[in-house]
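Observations on the model geometry
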Amino acid sequence: MRHLLGIEPLSPADITAILDLSDSYVKLNRSNQKHTNALAGLTQVNMFFENSTRTQASFELAGKRLGADVMSMAMQASSIKKGETLIDTALTLNAMHPDLLIVRHPHSGAVDLLAEKVNCAVLNAGDGRHEHPTQALLDALTIRRRLGQLSGLKVAICGDIAHSRVARSNVQLLTKMGNEVRLIGPPTLVPSGAADWDVSVHGDMAEGLAGVDVVMMLRLQRERMDGGFIPSEREYYHRFGLDAEKLSHAKEDAIVMHPGPMNRGVEIDGEIADDINRSVIQEQVEMGVAVRMAAMDLLMQNRRETKPGVML
Ligand code: NCD
């Protein structure tokens with residue numbers, strides 16, 4: 001594959017291959033010598049049109065550990081502010097011969113559009129409410145390492161599903177790998193299209209969490225809401241915030257996940273988020289660097305095979 005724009009086009013074998021390579025990068029990242037030269041001589045440009053802490057840092061570190069020249073553009077200060085279109089900005093950068101563009105954009109589909117206009121590989125770091133493939137892959141790696149399997153599990157994805165690219169990518173990945181996925185949230189935050197997904201929808205946490213192996217919490221994406229989707233944060237926490245009582249309906253050893261950034265006391269109780277016996281939130285961040293190294297490494301390997309000479 002030339003680009004990594006979403007989970008949708010990936011097969012279970014593709015997913016497994018990325019995760020297998022990621023495991024070896026986890027090992028490397030835990031060692032004292034964290035460098036490889038898999039991307040030596042190549043240029044990686046990060047274009048984040050939306051705020052990001054962990055994802056941008058993670059891609060930057062991943063590229064550096066692979067030996068690439070990494071440039072992170074300050075998009076807030078870019079010519080986009082002077083009226084240049086996304087495509088013009090991309091073409092300008094393209095003329096400098098990057099090998100890999102990592103793009104985050106608030107509009108769904110913007111990253112796919114950009115990928116059509118440039119001749120380097122494009123990796124989607126989150127587009128609107130559409131897809132966030134490396135987040136789903138890092139979640140999958142965390143689950144596989146913690147629970148020893150990535151199929152036959154019951155996984156609940158809870159909260160603001162309607163605005164979440166993390167939920168969309170995770171639903172695709174987890175169903176492809178043969179897991180049972182349940183979506184839990186108020187009707188206003190469950191997308192109408194969910195009826196066509198291979199999932200069950202629940203409006204009640206106790207019902208949806210009954211017997212699950214994995215509880216994945218989502219942030220209320222206020223920046224994507226243009227109206228009152230919930231009565232109040234207090235009411236929301238009461239009904240959908242993960243606390244000890246609600247978690248007691250899941251399996252005794254169920255793990256708790258959150259992609260971050262987390263709003264403690266809104267979608268999750270701070271004590272649960274910090275409970276090292278249940279929460280794998282920090283592990284997700286660690287897996288993120290490894291998964292991004294693997295994804296970039298594989299994209300560049302594909303490029304070498306399909307365009308020999310270009311990479312020499
Ligand atoms: C997520 C995102 O940006 O989609 N965060 C992330 O990548 N770690 C989820 C969110 O912003 O709530």
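The structure we're discussing is the one just above.
Cut-offs applied
Residues numbered from 1 in each chain as written. Predicted model: local features only at pLDDT ≥ 70, side-chain atom pairs only at ≥ 80, totals over all residues. Heavy atoms only, no water. 1 Å grid on protein atoms, 1.4 Å probe; cavity = no way out; pocket = protein on both sides within 12 Å on 5 of 7 lines; lining within 4 Å. Points joined across faces, edges and corners; volume = space filled by probe spheres on them. Helix = DSSP H or I, 4+ residues; strand = E, 2+ residues; numbered from the N terminus. Buried < 20%, exposed > 50% of the residue type's maximum accessible area, 1.4 Å probe, protein only. Contact = heavy atoms within 4.5 Å. Axes fitted to C-alpha atoms, helices over the stretch in contact; angles between N-to-C directions. Parallel < 35°, antiparallel > 145°, perpendicular 65-115°, else oblique. Left-handed = near helix turned anticlockwise from the far one by under 90°. Nonpolar A, V, L, I, M, F, W, Y, C, P; charged D, E, K, R; others polar. Polar contact = N/O pair within 3.5 Å; in protein donor to acceptor, adjacent residues only side chain to side chain. Core = buried A, V, L, I, M, F, W, Y, C linked by side-chain atoms within 4.5 Å. Salt bridge = Lys/Arg side-chain N within 4 Å of Asp/Glu carboxyl O. Near = heavy atom within 4 Å. Areas by Shrake-Rupley, 256 points an atom, 1.4 Å probe, with all protein chains shown as cover. Sits in = over half its atoms within 2 Å of the grid points.

**Section: empty space enclosed by the protein**
Taken as a whole, this structure holds one cavity of 30 Å³ or more when the rule is applied. The computed volume of the largest cavity comes to approximately 110 Å³. Listed by contribution, the elements that provide at least two residues to the lining of the largest cavity are α2 (54-65), α5 (133-147) and α11 (281-306). Considering every element that reaches the lining of the largest cavity, the biggest residue donor is α11, with five residues.

**Structural notes on the environment of P106**
Mapped onto the elements, P106 comes out in the loop between β3 (100-105) and α4 (110-117). The exposure class of P106 is partly exposed, given its relative accessible area of 34%. Counting along the chain gives 120 residues from P106 to D226, while the straight-line C-alpha distance between them is 14 Å. Beyond its immediate chain neighbours, meaning those up to four positions away, P106 contacts F49, E50, G128 and R224.

**Describing the packing of α2 against α11**
Direction vectors running N to C along α2 and α11 enclose 55°, while the axes themselves pass 8 Å from each other. Relative to α11, the element α2 lies oblique. Both α2 and α11 take part in a crossing whose hand is right-handed. Only G288, V289, R292, M293 and M296 of α11 make contact with α2, whose side of the interface consists of T55, S58, F59, L61, A62, G63 and R65. Classifying every residue of the contact of α2 with α11 by side-chain character gives six nonpolar, four polar and two charged.

**What about the side chain of S58?**
Looking at the element boundaries, S58 is found in helix α2. There is a polar contact of 2.9 Å between the side chain of S58 and the side chain of R292. Beyond its immediate sequence surroundings of up to four residues, S58 is in contact with G288, V289 and R292.

**Observations regarding the layout of surface pockets**
Put simply, the largest pocket is a space of about 370 Å³. Considering the residues around the largest pocket, the lining is formed by 21 residues, among which R104, R165, R219, G260 and P261 are closest to the centre. Every element with two or more residues in the lining of the largest pocket is listed here: α2 and α6 (165-176). Grouping the amino acids of the lining of the largest pocket by side-chain chemistry returns four nonpolar, 10 polar and seven charged. One number sums up the size of the second largest pocket: a volume of about 180 Å³. Around the second largest pocket sit M1, H3, L4, L10, D14, A17, I18, A295, L298, L299 and N302, which together line it. Elements represented by at least two residues in the lining of the second largest pocket include exactly α1 (12-29) and α11. Looking at the lining of the second largest pocket element by element, the count peaks at four residues for α11. By residue class, the composition of the lining of the second largest pocket is eight nonpolar, two polar and one charged.

**A closer look at the nonpolar core**
Formed by 60 residues in total, the largest nonpolar core has its most connected members in L39, L137, I143, I157, L173, L174 and M296. Non-local contacts of L39, meaning those with residues more than four positions away in its chain, are made with L66, G67, A68, L100, M296, D297 and M300. Core analysis: the second largest hydrophobic core is formed by 24 residues, C158, M205, L209 and V256 among them.

**A closer look at the pattern of salt bridges**
Any two side chains of opposite charge can pair if their charged atoms end up close together. If you walk through the whole model with that rule in mind, you get 15 salt bridges. With its nearest N and O atoms 3.5 Å apart, the salt bridge here joins D243 to K246. According to the relative accessible area criterion, K246 is buried, its value standing at 7%. When salt bridges that share partners are traced, they join D20, D23, R144 and R145 into one network.

**Notes on the site of the ligand**
Around the ligand, the surrounding shell consists of R54, T55, R104, H132, Q135, R165, V166, R219, Q221, P259, G260 and P261. One of the side-chain nitrogen or oxygen atoms of R219 is found 2.7 Å away from an oxygen atom of the ligand. Note that a nitrogen atom of the ligand is positioned 2.9 Å from one of the backbone N or O atoms of G260. Out of a free accessible area of 320 Å², the ligand has 95% covered by protein chains. Of the pockets mapped on this structure, the ligand occupies the largest pocket.

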